[in-house]
Each structure stands twice: as C-alpha cells, then as structure tokens.
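For reference, the chains in residue letters:
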Amino acid sequence: MSAEEHLQAERIGASRSSAPLGATALGLRPAVAESWARCREMGLHPANFRVQTVGPDELERRREALHPLLAMARPLLGHLAGGFPADGAVAALVDADGVVLVVAGEAEEKLVPGQRLTEDSAGTTAVSLALAERRPQVLTAAEHYYEAFRTWTWAAAPISGGEDEWTGLLVLAAKATGRHDLMDRAKEAAAALAAAWRAYREAVERRTVMASRAPWPILAVDAQGRLLDCNPAAEAALRRSRERVLGRRLGELVRFDDDKERGRYGRLQPEEVVVCLPGAREPQAFLVQSAPLDEDRTGDRVVSAVNVTPLRRKAERFDYRQRLALLDRLASFAVHEIRNPLAAIRVTAELASMTPKEDRRSALMEQIIASIDELEGFLEELLALARPEQLQLAPVDVGRLVHRICGLFEAQAEAMGVAIRLRGMERLPMVKGNEQLLGHALMNLLKNALQAMPDGGTVTVCAEHRPNSGFVRIAVKDTGTGIPKAHRRHLFTGAVSTKGREGAGLGLLFTHRIITDIHRGRLWFRTREGTGTTFYIELPVCPEAMGGSEAV
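Presented here is a report on the structure given in the accompanying data block.

Criteria and thresholds
Residues numbered from 1 in each chain as written. Predicted model: local features only at pLDDT ≥ 70, side-chain atom pairs only at ≥ 80, totals over all residues. Heavy atoms only, no water. Pairing = 2+ DSSP bridges. Helix = DSSP H or I, 4+ residues; strand = E, 2+ residues; numbered from the N terminus. Axes fitted to C-alpha atoms, helices over the stretch in contact; angles between N-to-C directions. Contact = heavy atoms within 4.5 Å. Parallel < 35°, antiparallel > 145°, perpendicular 65-115°, else oblique. Left-handed = near helix turned anticlockwise from the far one by under 90°. Nonpolar A, V, L, I, M, F, W, Y, C, P; charged D, E, K, R; others polar. Core = buried A, V, L, I, M, F, W, Y, C linked by side-chain atoms within 4.5 Å. Buried < 20%, exposed > 50% of the residue type's maximum accessible area, 1.4 Å probe, protein only. Phe/Tyr/Trp six-rings, centres within 6.5 Å; stacked < 30°, edge-to-face > 60°. Lys NZ or Arg CZ within 6 Å of the ring centre and 35° of its normal. Polar contact = N/O pair within 3.5 Å; in protein donor to acceptor, adjacent residues only side chain to side chain. Expected span 1.5 Å × (residues − 1). Patch = residues over 30% accessible without salt bridge, like charges linked within 9 Å, V, L, I, M, F, W, Y side chains within 5 Å. Areas by Shrake-Rupley, 256 points an atom, 1.4 Å probe, with all protein chains shown as cover. Salt bridge = Lys/Arg side-chain N within 4 Å of Asp/Glu carboxyl O.

Side note on the sheet that holds strand S15 (residues 457-464)
Okay, step 1: Within the open sheet, the five strands sit side by side as S13-S15-S16-S18-S17. Their pairing is mixed. Single-partner strands in this sheet number two, and they are strand S13 (418-423) and strand S17 (522-528). When strand polarity is set aside, the average angle formed by the axes of neighbouring strands in this sheet is 15 degrees.
Okay, step 2: Packing against the sheet, helix H13 (residues 398-408) makes contact with S13, S15 and strand S16 (471-478), and its axis sits at approximately 170 degrees to S13.

As structure tokens, then:
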C-alpha cells in the first residue's frame, strides 16, 4: 500500500469511528484526525462545549509571571482584533500551558481569560494542536472537534522565549470560516512580540537596556526615578543622548499630565500615563509597566513604555462616530415618543376649552398635567442616558426591583397567555446602581420577551450570586421564536429592529448602555430560533456586600 493509500485509509477509518458522534473526520489533515482520535479516547463529545478554567488566584499568578510580556502584548492584541471589522475577531495571549491570559475583541464567551485550551479541555483547536505538534497551526470550520467552534477560524503562533522554549502563543480568531490569512498575521505579530520579549529579558539579565532593540522606550530607573540606563527608542523619544539623561530624574525630562510622577515605577500592573515629550506638539499616551531590575537592589526597576496614542486616537474617533449615530437615533426616538403625547395633550386642552362643565374641565386639566409629568420623566431618562457621569448610584435591592417590574406586566402577560416565573430572588446582595434606570432596562427585556411569544409561553426570570464573584447575575428567558441570525450581531447597536425605526432595536441599545456604560456591568444573550432567547445581566455588588453579608 502506497503512502497516499495508507493516508486515505486512515481518514476513512477516522470517519467511521467518529460517525456515532455525529461528526465526520473524512478529509481532515492527519494531525487533525489524530487529535480527534485522542479527543474521542478522552470521552469528549463534539456537541458538548465545556472548557475547563483555572481559578482567579491561579490566573493572577500566571499573569504576574509574565506581566512585562502582557504589557507589551495588550496594544498589539487590540490592533489585531480590530483588523477584521466585517467578521468580528478576537486576539489573545495564551501561556505555555494553554491558559488564556488576556483577550481583546469580541469573544462571545468562547475565548475568555482563564480557559485552558488543551485537548483534554477544549478538544481540537489551533491552540491545542499547536501545543501537541509544537508548531504554528490554523484550524477552520469542521476541523474543530467541538461544534461550538465551527463558525470560527483560529490561528495560533508560538512566542519563543529562546531556543526550544515557548513562552506562550498568540491566538487570532475570526467569526468566519476559511480565513487562512489569519496565520500570516498571527505569525508576524508573534515573531515581533517574541523579539521584544527576548530583548527585554536580555536587558534585565545584563542589568542594562542600552542594547535593547525594542521599538518602544525601555528605561532603567532607581527608586527615586533617576535614570540608570535607556535604550535607543527612549533616546529618540526624549530627544537626548544616553549620556545627557543618565542620572537625571525622568520628571525633569518630560512633563507628566498631572505634574507628578506619583511613584509609578514600583507598579507591577500596566497603567496608561499621559506625558508631554520634548518637541511634541501634543501630549502622548503611554502604557507603562515595570519589573525589578535586580533582586539584590531593592527599588531599581526596568520600565517599558509603549506609545498607545495612535490606538487611543482611533478609539476616540470611533467613539465620536458612535456618539453621533446614537444622537441621531436618540433624536428620532425622542421625536417619536414625544409627538404622540403632545398630540394627546393638545386634543385634551381643546376639549377642556370647549367644556362648560367645571368638574369635567378639572378632570381634563388633571389629565394634561399627568401627561406633562410623564413627558418630564421621559426627558430625565434621556438626559441620564446622555450624561451617565451625572447619575447618583446607590444600593439597589435587586430581588425587590425584579418583583416590582414583573408585577407591572402581570395583566398584559395573562391576557397574552404568558406565565411569568421568578426564581432565586430570596437572598441577593445589594448592587450599586440607579433603581429607575435598572427598572427601565428590565422593562425593555420583559417587553421584548412578551412580544417574542404572540401565541403564549413562559418567561422565567432567575437571579443568582456566587460567593466572591463580585456580581449578581439576572437571566430573562422566554420560550418564543428566537432571534434571527441576521440580527444577532448588531442587536445592541440600535441598527436592528423588527418593528421599524423606533422599535426594539433602540430599546436594547438603551438597555445595553444602562447596564454596561452606566453600571459597569455586562449584557449578553443566547438564542435559538424556534426555541427561545435568554438575556443575561451581570451587575457589580456593592463593595460593602463583598465581605459576606447579604440582604434578605
């Protein structure tokens, strides 16, 4: 039997053995087919998606071990993730054990920090295959073992810390199949990051950063902020030679945005710092992070400063365009919501002017005043959405709030043949928020749930708080029609509505803004057409509740 015939026999055998699992390995590359076989031997099922995760303490320990590399990687990951606006993409840094350390981009919970992407945990992915084969990998569509990954293309390229040493992997994934160009981008970015990492390590080992080839400034400073050494990129940024800056405080060479250095050099976590460089026309934003220069000399640090000004400008331009679009839709929504009440007020006022009976005229005037009060409340809500920084946040009893909002829909739900069920509301900690706006967000979700079930069904509202998680999670689940695939990606942008310009699209846009921008929480959903949709809200617990006390 020839080598080609033997390979084809292996593929057919893999296909037959995987047939009971509802998947096919026919046509898979040999390395992928072998990985599938290992997954089957471990009892993994392609339809079940349960990736193991490490605990928060373990994740923080792993991040701490590579914190300079993370500081170098974060701006690069953000740039990579933003390079696929049509598809949606995510970039991540994974350590040598397959644990995701940091993620940038639209992850959809399929790629989140703490996940362990080894074969026994995540099946066959580009990461697990790269770890097994010890070389860069790209997987697309049906090559993934888990069905949940088959609408994605993944590329994983190693970040080499030296000869035969992997510090980790750079992962780039796009929500589309067939994107084999991901591999070139991932390999190029990983190679650049690996070169910078090796130069950094060499600089620390030699107690000098002068020879560093990193494209961003790297400096050695003592505990008082005096420069001990610097690399060529730092010389270029400071517009002075190494000989002219050694021994001087960095605060004498550049002006910090707040005119104080604030002892930044002892910080292990990355921090964005705005400084005015010599000769620069405008302030520059740097992502700064430091590490000990020498364990025997307490206080001496190596500081890396990555210029993130271009990324910041890009984000600001994008945010400006988003705000303009929001204002446009907000204006349209306000006109729609105000026009009808104004028309009703006008008609009522005309009736009052033509009514000779005093008691009837008084009743009509009270109706006008009530309508004006409603409009005033509506305008206050719009102002709060437009200027969230002016809101006063206070402890909110989530259980009581959910009971109150659901009670408002009881009559409507009963008339539609919909049952509203509540679970887990008894013991929940207080969350920090604005009760009026949170109620508005819940009303939007309940309203959409009812509208998704014109023939009746069930709405289940659940709440839970996992100890030490720092969040209360609320789920609003319906048994309705589900959300069409064409609408899912843009659901929270205000660009999607099945009921016209002023329909559910704006309601979800405002709900997303209330939860994420105003309350620093999270909002996401899961849906299946014909089965139903579940919206999830996570809200931060009040700091005083983190000590273990809970409100009944």
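Focus: the packing of H13 against helix H15 (residues 435-451)
A pair of packed helices can be characterised by two numbers: the angle between their axes and the separation between those axes.
Okay, step 1: Their axes nearest at 10 Å, the elements H13 and H15 cross at an angle of 50 degrees. Here H13 lies oblique to H15, going by the angle between them. Here the hand of the crossing between H13 and H15 comes out right-handed. Residue-level inspection shows Arg400, Leu401, Val402, Arg404, Ile405, Cys406 and Leu408 of H13 in contact with H15, the latter providing Glu435, Leu438, Gly439, Leu442, Met443 and Leu446.
Okay, step 2: A per-class count over the contact of H13 with H15 returns nine nonpolar, one polar and three charged.

Focus on the nonpolar core
Okay, step 1: Counting 41 residues, the largest nonpolar core has Leu77, Leu93, Ile159, Leu170 and Leu193 as its most contacted members.
Okay, step 2: Elements with a minimum of two residues in this core: helix H4 (67-81), strand S1 (89-95), strand S2 (100-105), strand S4 (153-162), strand S5 (165-174), helix H7 (181-205), strand S10 (284-292) and strand S11 (301-307).
Okay, step 3: The element best represented in this core is H7, accounting for nine residues.
Okay, step 4: In this view, Ile159 contacts Leu93, Glu165, Trp166, Thr167, Gly168, Leu169, Leu170, Ala190, Leu193 and Ala194; residues no more than four positions away in its chain are not counted.
Okay, step 5: Formed by 40 residues, the second largest nonpolar core is a distinct cluster that contains Leu401, Leu428, Leu491 and Phe535.

A word on the environment of Ala344
Okay, step 1: Its place among the elements puts Ala344 in helix H11 (residues 309-354).
Okay, step 2: Taking the relative accessible area as the measure of exposure, Ala344 reaches 41% and is therefore partly exposed.

Section: the environment of Ala89
Okay, step 1: As for its position among the elements, Ala89 is in strand S1.
Okay, step 2: When its relative accessible area of 3% is taken as the criterion, Ala89 is described as buried.
Okay, step 3: It is 8.9 Å that separates the C-alpha atoms of Ala89 and Ala176, two residues lying 87 residues apart in sequence.

Let's talk about the packing of aromatic side chains
Okay, step 1: By the definition in use, this model includes six aromatic pairs.
Okay, step 2: Ring geometry for Trp36 against Tyr145: centres 5.4 Å apart, planes inclined by 85 degrees, an arrangement best described as edge-to-face. Placement of Trp36 in helix H2 (residues 30-41) and of Tyr145 in the loop between strand S3 (137-140) and S4 is noted, with a sequence separation of 109 residues between them.
Okay, step 3: Among the aromatic residues, ring-to-ring pairing joins Trp36, Tyr145, Tyr146, Phe149 and Trp154 into one connected group.
Okay, step 4: Seen from the ring of Trp166, Arg134 lies directly overhead, with NZ or CZ sitting 4.1 Å from the centre.
Okay, step 5: Directly above the aromatic system of Trp524 lies the positively charged group of Arg522, at a separation of 4.3 Å from the ring centroid.

As for the side chain of Ser35
Okay, step 1: With respect to the helices and strands, Ser35 occurs in helix H2.
Okay, step 2: Within polar-contact distance, the side chain of Ser35 engages the side chain of Thr124 at 2.7 Å.
Okay, step 3: Contact partners of Ser35, with chain neighbours within four places excluded, come to Glu119, Thr124 and Leu129.

Things to note about H15
Okay, step 1: Between its first and last C-alpha atoms H15 spans 24 Å; for 17 residues at 1.5 Å apiece the expected length is 24 Å, and the two agree.
Okay, step 2: Among the residues of H15, those classed as buried are Leu437, Leu438, Gly439, Ala441, Leu442, Asn444, Leu445, Leu446, Asn448, Ala449 and Leu450.
Okay, step 3: You can read the cap of H15 off the contacts: a side-chain oxygen lies 3.2 Å from the backbone nitrogen of Gln436, and it is on Asn434.

Digging into a nonpolar patch on the surface
Okay, step 1: The grouping of Val347, Leu351 and Met354 at the surface amounts to a nonpolar patch, some 290 Å² of accessible area in total.
Okay, step 2: Considering the arrangement of structural elements, one finds Val347 in helix H11.

Let's talk about the pattern of salt bridges
Okay, step 1: Counting across every chain of the model gives 12 salt bridges.
Okay, step 2: The closest approach of N and O atoms between Arg62 and Asp97, which form a salt bridge, is 2.9 Å. Placement of Arg62 in helix H3 (residues 56-65) and of Asp97 in the loop between S1 and S2 is noted, with a sequence separation of 35 residues between them.
Okay, step 3: On the basis of relative accessible area, Asp97 is assigned to the partly exposed category, the value being 42%.
Okay, step 4: Three or more residues joined by partner-sharing salt bridges are found here, namely Glu58, Arg61, Arg62, Asp95 and Asp97.

What about the pairing of S10?
Okay, step 1: Judged by how many residues are buried, S10 sits mostly within the fold: eight of nine residues are covered.
Okay, step 2: Where S10 meets S11, seven bridges bridge the pair, whose relative direction is antiparallel. If you follow Pro292 over to S11, its bridge partner there is Arg301.

Notes on the pairing of strand S6 (residues 218-221)
Okay, step 1: The alternating pattern of S6 places Ile218 and Ala220 and Leu219 and Val221 on opposite faces, both of which are buried.
Okay, step 2: Strand direction decides the pairing type here: S6 and S11, joined by four bridges, are antiparallel. The partner of Ile218 across the bridge, within S11, is Ser304.
Okay, step 3: Of the pairings in the sheet, the one linking S6 to strand S7 (residues 227-230) comprises three bridges and is antiparallel in character. Bridging from a neighbouring strand, Val221 pairs with Leu227 of S7.
Okay, step 4: What sits between S6 and S7 in their antiparallel hairpin is a turn of five residues, with Gly225 showing a positive phi close to 85 degrees.

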